[in-house]
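Below, each chain spelled out in residue letters.
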Amino acid sequence: MPLYSFRCKACDHGFETLARFSETPPCPACASVDVTRLVSSIAAEGKSGAIIQGARRQAAREGHFSNYSRSERPKR
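Keep in mind the model is a prediction, meaning the values are calculated, not measured. (Residues numbered from 1 in each chain as written. Predicted model: local features only at pLDDT ≥ 70, side-chain atom pairs only at ≥ 80, totals over all residues. Heavy atoms only, no water.)

Participant: Account for the pattern of salt bridges, naming residues and giving values.
Facilitator: For the coordinates displayed, the defined rule picks out three salt bridges. The salt bridge involving lysine 9 is made with aspartate 34; its shortest N-O contact spans 3.9 Å. Residue lysine 9 is located in the loop between strand 1 (3–8) and strand 2 (14–18), and its partner aspartate 34 is located in the loop between strand 2 and strand 3 (35–37); the two are separated by 25 residues in the primary sequence. When the shortest N-O distance is used, the salt bridge between arginine 20 and glutamate 23 registers 3.5 Å. (Salt bridge = Lys/Arg side-chain N within 4 Å of Asp/Glu carboxyl O. Helix = DSSP H or I, 4+ residues; strand = E, 2+ residues; numbered from the N terminus.)

What follows is the structure in structure tokens.
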């Protein structure tokens, strides 16, 4: 099942949940079934690699190498 975003019309609470396309889950905040499925934006083609590389550079500056493979980590 895919992950969908919803917004409750009764309490204006936004939430994400796994649901079939035909299902309308109740709001976890107020249990209302009057919810709207939100349209999600997709990652622009070719830009996600640059975003990942930027996050890796920032993590390296901060000393966090957990997102690098062992061969990519600096030798101590």
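Participant: Just give me the short version of helix 1 (residues 48–62), but keep the residues and values in it.
Facilitator: An ideal rise of 1.5 Å per residue puts 21 Å on 15 residues; helix 1 measures up with 21 Å between its terminal C-alpha atoms. Among the residues trailing helix 1, glycine 63 stands out with phi positive, at a value near 90°. (Expected span 1.5 Å × (residues − 1).)

Participant: Tell me about unusual backbone geometry, residues and numbers included.
Facilitator: One non-glycine residue, aspartate 12, adopts positive backbone phi at about 60°. In this fold, aspartate 12 is placed in the loop between strand 1 and strand 2. Judged by relative accessible area, aspartate 12 falls into the exposed class, the value being 54%. Of note, the phi angle at alanine 31 is positive, near 70°, even though the residue is not glycine. Mapped onto the elements, alanine 31 comes out in the loop between strand 2 and strand 3. The class for alanine 31 is exposed, based on a relative accessible area of 56%. (Buried < 20%, exposed > 50% of the residue type's maximum accessible area, 1.4 Å probe, protein only.)

Participant: Quick rundown of the pairing of strand 2? Include the residues and the values.
Facilitator: In the sheet, strand 1 pairs with strand 2 via five bridges, with the strands oriented antiparallel. The partner of phenylalanine 6 across the bridge, within strand 2, is phenylalanine 15. Hairpin connection, strand 1 to strand 2: the antiparallel pair is bridged by five residues, and aspartate 12 has positive phi, about 60°. (Pairing = 2+ DSSP bridges.)

Participant: Run through the side chain of serine 5, naming residues and quoting values.
Facilitator: Examined against the element boundaries, serine 5 turns out to sit in strand 1. Engagement of the side chain of serine 5 in a polar contact is seen with the side chain of glutamate 16, the distance being 3.4 Å. The residues contacting serine 5, other than those within four sequence positions of it, are Phe15, Glu16, Thr36, Arg37, Leu38 and Ser40. (Polar contact = N/O pair within 3.5 Å; in protein donor to acceptor, adjacent residues only side chain to side chain. Contact = heavy atoms within 4.5 Å.)

Participant: Requested: an account of the side chain of serine 32, with residues and values cited.
Facilitator: Mapped onto the elements of the fold, serine 32 is located in the loop between strand 2 and strand 3. A distance of 3.1 Å separates a polar side-chain atom of serine 32 from the backbone nitrogen of aspartate 34. Once residues within four sequence positions are removed from consideration, serine 32 is found in contact with Cys8, Ala10, Pro25, Pro26 and Cys27.

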